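Structure at a glance
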Amino acid sequence: MHLFTLYTVMKKFLTSIVIIFVTFSASSQTVVSGSVFNKNAKEPLSFSTVSVKNHNSGDFISGTITDEEGRFVISALPRGEYNLDFSFVGFKSEKRHIVVGSLNNVLDVGKIYLEESVTNLQEVAVTGRRQEIASALDIKTYSSENFIANSGGSVLDMMKSLPGVTIDQESKIILRGSDKVAVLVDGKQSSLTGFGTQQGLDNIPASMIESIEIINNPSAKYDASGMAGIVNIKFKESRNKRLNGDIGFVTGIGALSKRKEDLPTGMSSYTGNMRYTPSVNLNYKMEKLNIFLQSYLIQQKRLPNNEFSTRSYSTGDIVESQVAENRTQNHYNVKLGFDWNPTPDHTFTFFGLYDYEWHTDTTRIWYFQNYNYKDPIRKWSFNESEGTGFSNLTLQHKYKFIQPGHEINSQFAFTKGWEDESYNLYQDGPQPNYPVIHTDKTHVVAPEYVYLLTTDYTKPLPFGRIDMGIQGRLRHMPITYTMSKNPNNTALIYNYGDWSKWDERLSGVYLNLVSEFQWVDIEAGLRGEYASVKYNFAPNQYFTDDAYDYFDLFPNIRFTFKSKQNRFSLFFNRRIDRPGEDILRIFPKYDDPELLKIGNPSLRPQYTWNIETAYKHTWDTGSIFAAVYLKNTDSYYTRIYIQDPDNSEITIKAYDNLGRATNKGVELALDQLIAKTWNVSLNTNIYRNTIFAHDGIIYFPRENKYHIEKQSDTPWYVKLNNRCRLPKDFTVELNGVYFSPKNIGQGRELSRGGVDLGIKRVFTKNNLELNLSFTDIFNTMGIVQEINGEGFNVLYQNFYETQAFLLGIKYKF
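Cut-off values and rules
- Residues numbered from 1 in each chain as written.
- Predicted model: local features only at pLDDT ≥ 70, side-chain atom pairs only at ≥ 80, totals over all residues.
- Heavy atoms only, no water.
- Helix = DSSP H or I, 4+ residues; strand = E, 2+ residues; numbered from the N terminus.
- Buried < 20%, exposed > 50% of the residue type's maximum accessible area, 1.4 Å probe, protein only.
- Contact = heavy atoms within 4.5 Å.
- Areas by Shrake-Rupley, 256 points an atom, 1.4 Å probe, with all protein chains shown as cover.
- Salt bridge = Lys/Arg side-chain N within 4 Å of Asp/Glu carboxyl O.
- Patch = residues over 30% accessible without salt bridge, like charges linked within 9 Å, V, L, I, M, F, W, Y side chains within 5 Å.
- Lys, Arg positive; Asp, Glu negative; His and termini not counted.
- Charge placed at Lys NZ, Arg CZ, Asp CG, Glu CD.
- Pairing = 2+ DSSP bridges.
- Axes fitted to C-alpha atoms, helices over the stretch in contact; angles between N-to-C directions.
- Phe/Tyr/Trp six-rings, centres within 6.5 Å; stacked < 30°, edge-to-face > 60°.
- Lys NZ or Arg CZ within 6 Å of the ring centre and 35° of its normal.
- Polar contact = N/O pair within 3.5 Å; in protein donor to acceptor, adjacent residues only side chain to side chain.
- Core = buried A, V, L, I, M, F, W, Y, C linked by side-chain atoms within 4.5 Å.

Another point: the overall build of the chain. In terms of helices and strands, the chain carries four helices and 48 strands. By residue count, 55% of the 813 residues in the chain fall in the buried class. Taking contacts inside the chain between residues at least 6 apart in sequence as the whole, the part at least 24 apart equals 69%. Taken as a whole, the chain presents about 34,900 Å² of accessible surface, with 57% of it coming from carbon and sulfur.

A complete count under the given rule lists 26 salt bridges for this structure. Residues Asp 223 and Arg 578 are paired through a salt bridge, measuring 3.9 Å at the closest nitrogen-oxygen approach. Residue Asp 223 is found in the loop between strand S15 (209–215) and strand S16 (229–235), and its partner Arg 578 is found in the loop between strand S30 (566–577) and helix H4 (581–584); the two are separated by 355 residues along the sequence. With its nearest N and O atoms 2.7 Å apart, the salt bridge here joins Lys 562 to Glu 516. In this pair, Lys 562 sits in strand S29 (residues 546–562) while Glu 516 sits in strand S27 (residues 499–516), placing the two residues 46 residues apart along the sequence. Residue class for Lys 562 comes out buried when judged on its relative accessible area of 7%. Here Glu 516 falls in the buried class, since its relative accessible area comes to 0%.

A surface patch of like charges, here positive, comprises Arg 660, Lys 664, Arg 688 and Lys 710. Counting through the fold element by element, Lys 710 comes out in the loop between strand S38 (703–708) and strand S39 (711–713). Judged by relative accessible area, Lys 710 falls into the exposed class, the value being 53%.

Strand order in this open sheet of four strands is S11-S15-S16-S14, and the pairing throughout is mixed. Of all strands in the sheet, those bounded by a partner on one side alone are strand S11 (140–143) and strand S14 (181–185). On average, each strand axis in the sheet is inclined to that of its neighbour by 20 degrees, with strand direction left out of account. One ladder, built from four bridges, connects S11 with S15; its direction is antiparallel. Its bridge partner being in S15, Thr 141 is matched across the sheet by Glu 213.

Tallied over the entire structure, the rule returns 22 aromatic pairs. Aromatic side chains Tyr 481 and Phe 587 sit 4.4 Å apart centroid to centroid with 5 degrees between the ring planes, which places their arrangement in the stacked category. Of this pair, Tyr 481 sits in strand S26 (residues 464–485) while Phe 587 is found in the loop between H4 and strand S31 (589–592), placing the two residues 106 residues apart along the sequence. Neither Tyr 481 nor Phe 587 differs from the other in exposure class; each is buried. Aromatic rings pair up to connect Tyr 535, Phe 537 and Phe 543 into one cluster. Positioned above the aromatic ring of Phe 37, the side-chain terminus of Lys 111 is 5.0 Å from the ring centre. The ring of Tyr 367 carries Arg 378 above its face, with NZ or CZ at 5.0 Å from the centroid.

A few words now on the side chain of Thr 690. Relative to the assigned elements, Thr 690 resides in strand S36 (residues 678–691). Only 3.0 Å separates the side chain of Thr 690 from the side chain of Ser 712, close enough to count as a polar contact.

Attention shifts here to the side chain of Ser 740. Within the element layout of this structure, Ser 740 appears in the loop between strand S41 (730–739) and strand S42 (742–744). For Ser 740, the side chain forms a polar contact with the main-chain nitrogen of Trp 716, separated by 2.7 Å. Discounting residues that sit within four places of it in the chain, Ser 740 has contacts with Pro 715, Trp 716 and Ser 751.

Moving on, we get to a nonpolar patch on the surface. A grouping of Leu 243, Tyr 284, Ile 291, Leu 336, Phe 338, Trp 340, Phe 350, Leu 393 and Leu 395 is seen on the molecular surface, where their side chains present a nonpolar patch of about 810 Å² in accessible area. Of all the secondary structure elements, the ones that give two or more residues to the nonpolar patch are strand S20 (318–343) and strand S22 (378–400). If you tally residues by element for the nonpolar patch, the top one is S20, at three residues. Look at Leu 243 and you get partly exposed, because its relative accessible area is 47%.

Attention now goes to the nonpolar core. Counting 40 residues, the largest nonpolar core has Tyr 496, Phe 543, Ile 598, Phe 700 and Tyr 706 as the members making the most contacts within it. Only S26, S27, strand S28 (520–537), S29, H4, strand S34 (622–643), strand S35 (651–675) and S38 provide two or more residues apiece to this core. Not counting chain neighbours up to four residues away, the residues in contact with Phe 543 comprise Tyr 496, Phe 537, Ile 586, Ile 598, Pro 601 and Phe 700.

Right, let's get into unusual backbone geometry. Despite not being glycine, Lys 728 has its phi angle at roughly 60 degrees, a positive value. Here Lys 728 is to be found in the loop between strand S40 (716–726) and S41. For Asn 779, which is not glycine, the phi torsion reads 55 degrees and is therefore positive. Within the element layout of this structure, Asn 779 appears in the loop between strand S45 (768–775) and strand S46 (783–789).

Glancing now at the environment of Phe 805. Here Phe 805 is to be found in strand S48 (residues 804–812). Given the relative accessible area of 34%, Phe 805 is considered partly exposed.

On to the environment of Trp 619. Tracing the chain through its elements places Trp 619 in strand S33 (residues 606–619). When the C-alpha atoms of Trp 619 and Gln 565 are compared, they prove to be 6.8 Å apart, with 54 residues separating the residues in sequence. Non-local contacts of Trp 619, meaning those with residues more than four positions away in its chain, are made with Gln 565, Ile 624, Leu 670, Asp 671 and Gln 672.

Let us look at the environment of Asp 223. Taking relative accessible area as the criterion, Asp 223 reaches 10% and is therefore assigned buried. Separated by 35 residues in sequence, Asp 223 and Lys 188 have C-alpha atoms that sit 9.1 Å apart. Contacts of Asp 223, omitting those with residues within four sequence positions, involve Gln 189, Gln 471, Leu 506, Arg 527, Glu 529, Arg 575 and Arg 578. Within polar-contact distance, the side chain of Asp 223 engages the side chain of Ser 225 at 2.8 Å.

Let us now look at the pairing of strand S3 (residues 49–54). In this sheet, strand S4 (residues 60–65) lies alongside S3 in antiparallel orientation, the contact comprising five bridges. Within S4, the position partnered with Ser 51 by the bridge is Gly 63. If you look at the hairpin formed by S3 and S4, you'll find five residues sitting between the two strands, and Gly 58 has a positive phi there, around 80 degrees. By the bridge criterion, six bridges tie S3 to strand S6 (residues 80–87) in an arrangement that is antiparallel. Across the sheet, Ser 51 pairs through a bridge with Asp 85, a residue of S6.

Next up, the structure:
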């Protein structure tokens with residue numbers, strides 16, 4: 001649709017919405033705009049005088065004159081109360097009272113009419129306050145510069161230090177006990193993170209990041225996915241000069257020690273793992289053109305999984321095994337594009353993004369029964385080679401109307417992703433110095449095609465702003481799966497067919513109003529989304545084609561009551577978590593030959609509604625934050641462990657919808673400047689998870705009934721962060737974290753904790769930085785879980801690589 005045609009349609013829509021929501025008002029940031037007119041002639045009063053005075057003292061703060069169209073713009077007003085005085089020779093002066101706050105970027109006071117007569121006019125009070133509550137309770141922003149203990153690692157490493165954030169054993173972000181977190185890049189869905197999912201976070205260097213935002217209660221402006229909240233990763237932006245940017249290099253060594261000795265398989269787990277990460281961020285800014293380049297390379301050895309399993313069967317037998325995934329990895333990423341401003345009101349951005357990651361995992365898995373380590377009962381090993389990546393083209397357009405803050409932003413993006421995985425499973429070996437015959441082999445090729453179109457419209461109002469927009473997204477994944485197996489003795493005992501096709505279509509529209517008075521803020525929004533899903537398979541005896549569609553509404557509302565040092569907010573929102581193709585996929589994954597991981601194509605979305613109250617009190621040297629929240633989830637889904645009814649040696653790990661679950665808790669955060677150079681922050685979260693009793697069926701390899709009793713527990717964690725500034729531009733950071741035991745799907749996860757250390761030195765007028773970090777100093781962050789299945793119990797001890805010593809250098813120019 002042509003830009004101005006779209007604007008006309010949205011303007012009509014806006015008019016009707018304003019009538020409906022006339023009781024809502026809002027404010028803006030530090031820019032105040034408007035226009036001055038002759039009341040009788042209805043014509044602009046060019047070169048009228050606009051003065052800004054302090055509301056209490058009457059002191060002159062700033063001023064300007066209107067242009068030929070009677071418009072004015074006043075920038076850089078600090079927070080506070082002001083009077084705007086409008087005057088013109090021969091006309092009666094007019095005043096407006098405003099309160100500049102922090103919820104909006106622009107406050108537009110609309111049209112100001114000056115009369116030639118001497119009739120007294122009543123004063124009209126227009127309030128618009130920007131308070132710290134926007135950043136303190138709604139969106140919590142953390143600068144990467146302030147978290148140095150993990151600055152040499154990935155974005156995921158840095159998030160481990162953030163208040164309110166935890167990371168699980170599969171490198172997923174947990175907010176308040178849930179991993180259903182949507183991840184955005186610069187406020188938008190991106191192929192870098194799997195379009196809102198949590199893919200690839202451990203492959204983005206922290207050195208490329210400007211800040212991270214945590215949004216526990218997203219508004220309708222955001223996609224409805226992400227039941228637990230949203231994490232928004234902001235990449236570094238250019239500064240206003242010709243050539244600028246930074247170059248960096250990080251090197252280090254991981255897995256410095258072993259928490260548990262390897263089982264005697266003849267193939268030890270990786271230790272002393274070296275890594276190298278060069279990065280570059282360049283911008284060349286001209287009058288109307290800005291060219292940017294971002295790129296990084298990761299080359300490393302890793303131990304992403306080192307799981308010791310001890311299975312205890314009802315027969316009395318005990319079987320032990322170890323899966324140590326020794327990984328060699330290379331990852332390349334480059335982003336190249338430009339911003340073009342042909343006119344002051346049009347900005348075009350075009351960029352291409354290419355990402356490629358390749359790794360091999362090798363391990364040997366021997367099974368020892370009843371503590372007999374000399375004669376393993378079974379011998380397996382595997383070699384996995386996997387390449388993943390994507391290429392992306394994005395075109396963005398921003399149109400700025402005459403009124404400051406009044407704009408429309410559009411984006412079209414096309415992404416082609418790919419996953420190419422070859423998995424070779426051997427029996428009795430491989431033996432050193434001997435040729436090896438492949439016992440079993442699987443090969444998955446999973447390309448993904450994504451088309452994304454969004455349009456967002458923002459209109460400042462006399463008392464705030466209105467946001468609205470539309471979105472469309474199409475995802476298509478045609479997958480091929482081939483396998484070859486030894487006919488005499490194989491682990492690949494099921495035939496799932498050799499192809500599948502998954503299609504998802506999503507369209508959405510939203511409206512969000514932000515209102516702000518001197519003592520209260522109101523935000524209300526509504527988002528509507530329609531989705532359709534189709535999943536087709538090659539004919540097989542286990543699964544059949546599936547298709548469904550649905551339309552849902554997702555409201556949000558927030559009330560904030562505030563004074564100079566206190567903020568109290570009430571939140572409500574409804575959100576959704578849609579199962580992605582990765583947990584629907586019918587083709588199995590054999591990280592352990594006797595642990596079969598498989599998806600469930602019958603899985604359906606889960607929904608949650610959230611209620612929260614939050615309070616923040618600030619003082620000169622610190623602040624305290626407290627929140628009480630309740631999340632109710634319907635059609636809750638999680639992993640289920642069952643024993644293969646046709647092969648007792650195999651445990652099946654699948655997903656299923658369990659019914660209802662609740663999560664309620666309390667979050668506390670304290671930030672205090674102890675001395676001029678020493679800052680301490682403390683964060684804790686105590687929550688109670690309840691999974692209600694459920695009887696279900698897994699239809700693989702045939703009908704398997706299972707029962708889950710009602711489960712409740714109250715886990716908690718605490719984080720302590722110390723940051724000290726020392727002489728000669730040194731900064732030292734020491735972080736500690738402890739996680740209490742907690743219940744999981746069919747068992748319990750034991751407690752764990754760790755300590756991280758970071759040191760930063762700044763040289764040459766802040767242009768050169770040296771970072772030294774030591775994560776998980778005592779190697780205590782491994783995860784231990786106890787699983788209780790029907791006829792068996794399992795102890796999982798995953799002592800994967802958490803300990804690393806890193807040295808990084810970065811030069812800014």
